[in-house]
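Spelled out, the chains give:
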Amino acid sequence: MKIIKFGKPGIVLFIILAGIAMIVVALPPSPSSFYGILEINGNPAPTGTVISAWINNTHYPTDTTVVASDGSYKILSVNGDDPDTPEIEGGRNVDIVVFKISLGGRRFIADQTGIWNSGTNQKIDLTITPTQRTITLKKGWNLISLSLDPI
Amino acid sequence: MVHHKSGYTIFLVIIFFIVSITYAINTGITSETRSFEVKEVQHFSISLSGNWSLISTPYKLINSTTRSFVNSVYGMDWTLEHYVGPGWITADFNTSEVQWQLENIDRRYGYYLRLNASSTVEIDGVYINKTNISLKGGWNMIGYPSNSTKGISTALSSITGKWTMLFALYNNTWTMEDPKTPPFPWEIKNLTPGRGYWINISEDTTLIINETITL
């Protein structure tokens, strides 16, 4: 009889190879965490700026705030998905994490993305670069429109 | 006249009593009994191998900040995580204290601690005779605030019939207890001070850890 145990938080597997029993249980997976600084237009983001993490356009309960004058943000721990349930509660390994920034009622998407990886804490320095669009106008009346990316 | 004198005296006596009572109330010159509970500060060590463990503190910590809790391993590569359903809070050696979402350690809860090498977490605190731990339906990451190892049925007697599964992770090895299944080699037999646990609850309830202190 041999017992195999995998120790990574979130997945527990017990096997008796003699065929007596096998138990596989998914606990809430250890999160994927991110830390670093946030710069807006090359300057540290002001205290109170809120950063949220999104995977496949779904927001998980992980908001964090910029906390220091250097623009550093609190560790952002992004939930993982419980494979035992039909619902998607968070990320799975190699999912892309999009960071959205809320500041004074305005919302932005960070230039960088993260990769969800359970039990890790990755440094990602975030920046926001304002998008500039050029519309060429001719003399006289012009019919124009502005395209906006939903965030 | 006598009447007046007598009335004046009575008036002065009443004023004196009013002034005296007001003074006593305002200055706190009253007789009362106060009782004090003296608790001895205890030291506790949690020896850990590298990698992940699920730990807790058996005490109410003297200094409950995360920074104090990890002081003995602060120079190492470490990560501390706690599940506050439905999300997680984290502290990590890579970041400064102001960046930690996990700012305090509470004896009611369990915490994942990852170390890159063997070490010992050293803590100081006081035992609390009785601790109530509110549990929500589903998974809860709990501590075991007790000064003694107890059998599962005794330690979890306040929630008998309401828990469906219990897990422990210590020095990278999982153990579990499922009250519905026959005993397995990996069964948790006792709850141990310093360990943390995942417990699955069928309905919202309160776990009561009672402690008897021997002086």
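Definitions and limits used
Residues numbered from 1 in each chain as written. Chains lettered and ligands numbered in written order. Predicted model: local features only at pLDDT ≥ 70, side-chain atom pairs only at ≥ 80, totals over all residues. Heavy atoms only, no water. Helix = DSSP H or I, 4+ residues; strand = E, 2+ residues; numbered from the N terminus. Buried < 20%, exposed > 50% of the residue type's maximum accessible area, 1.4 Å probe, protein only. Contact = heavy atoms within 4.5 Å. Areas by Shrake-Rupley, 256 points an atom, 1.4 Å probe, with all protein chains shown as cover. 1 Å grid on protein atoms, 1.4 Å probe; cavity = no way out; pocket = protein on both sides within 12 Å on 5 of 7 lines; lining within 4 Å. Points joined across faces, edges and corners; volume = space filled by probe spheres on them. Nonpolar A, V, L, I, M, F, W, Y, C, P; charged D, E, K, R; others polar. pLDDT = per-residue confidence, 0-100. Phe/Tyr/Trp six-rings, centres within 6.5 Å; stacked < 30°, edge-to-face > 60°. Lys NZ or Arg CZ within 6 Å of the ring centre and 35° of its normal. Core = buried A, V, L, I, M, F, W, Y, C linked by side-chain atoms within 4.5 Å. Pairing = 2+ DSSP bridges.

A. Expanded view of the overall build of chain B. Check the secondary structure of chain B and you find three helices and 15 strands. Looking at the 215 residues of chain B, the share that counts as buried comes to 42%. Considering only intrachain contacts with a sequence separation of at least 6, the fraction spanning at least 24 residues in chain B is 77%. With the model as given, the accessible surface of chain B reaches about 11,400 Å², and the carbon-plus-sulfur share is 55%.

B. View of the overall build of chain A. When its secondary structure is counted, chain A shows zero helices and 13 strands. Helices and strands in chain A line up, N terminus first, as β-β-β-β-β-β-β-β-β-β-β-β-β. Classification of the 151 residues of chain A by burial places 41% in the buried group. Of all intrachain contacts in chain A linking residues separated by at least 6 positions in sequence, the fraction that spans at least 24 positions is 49%. Here chain A displays about 8,700 Å² of accessible surface, and carbon together with sulfur accounts for 57% of that area.

C. Inspection of empty space enclosed by the protein at higher detail. Residue and element names in this part refer to chain B. Summed over all chains, the structure comprises one cavity of 30 Å³ or more. Around the largest cavity, the lining residues are Met176, Glu177, Asp178, Thr181, Pro182, Pro183, Phe184, Trp186 and Glu187. When grouped by side-chain class, the residues that make up the lining of the largest cavity number five nonpolar, one polar and three charged.

D. Region of interest: the confidence of the model for chain B. Residues and elements named next belong to chain B. For chain B, the average pLDDT comes to 86, and 83% of its residues sit at 70 or higher. In this model residues 1–6 is a low-confidence stretch, pLDDT under 50, and it forms zero contacts with partners more than four residues away in sequence or in other chains. Note on the complex model: pTM 0.78, ipTM 0.74.

E. Broad picture of the packing of aromatic side chains. In the structure shown here, the tally under the stated rule is 14 aromatic pairs over all chains. Between the aromatic rings of Phe44(B) and Tyr59(B), the centroid separation amounts to 5.9 Å while the plane-to-plane angle is 90°, which identifies the pairing as edge-to-face. Residue Phe44(B) is found in strand β1 (residues 42–48), and its partner Tyr59(B) is found in the loop between β2 (51–55) and β3 (60–61); the two are separated by 15 residues along the sequence. Summarising the aromatic geometry, the rings of Tyr74(B) and Trp78(B) are spaced 6.4 Å apart at their centres and angled 40° between planes, so their arrangement reads as tilted. Here the basic side chain of Lys100(A) rests over the ring of Trp54(A), its NZ or CZ set 3.8 Å away from the ring centre.

F. View of the nonpolar core. Counting 25 residues, the largest nonpolar core has Leu48(B), Phe69(B), Trp78(B), Leu80(B), Leu113(B) and Val121(B) as the members making the most contacts within it. Of all the secondary-structure elements, those providing two or more residues to this core are β1, β4 (78–84), β6 (111–115) and β7 (119–126) of chain B. Residues Ile51(A), Val97(A), Ala110(A) and Leu126(A) belong to the second largest nonpolar core, which totals 20 residues.

G. Representation of the side chain of Ser72(A) within the structure. Locating Ser72(A) in the fold gives a position in strand β9 (residues 72–78). According to the relative accessible area criterion, Ser72(A) is buried, its value standing at 5%. Those residues in contact with Ser72(A), other than ones at most four positions away along the chain, are Gly36(A), Ile37(A), Thr65(A), Val66(A), Val67(A) and Gln99(B).

H. Structural view of the sheet that holds β3(B). Residue and element names in this part refer to chain B. The strand order across the open sheet formed by three strands is β1-β7-β3, and the pairing between neighbours is antiparallel. The strands lining the two open edges of the sheet, one partner per strand, are β1 and β3. Sheet analysis places β3 next to β7, joined by two bridges and oriented antiparallel. In the strand pairing of β7, Leu61 is matched with Gly125.

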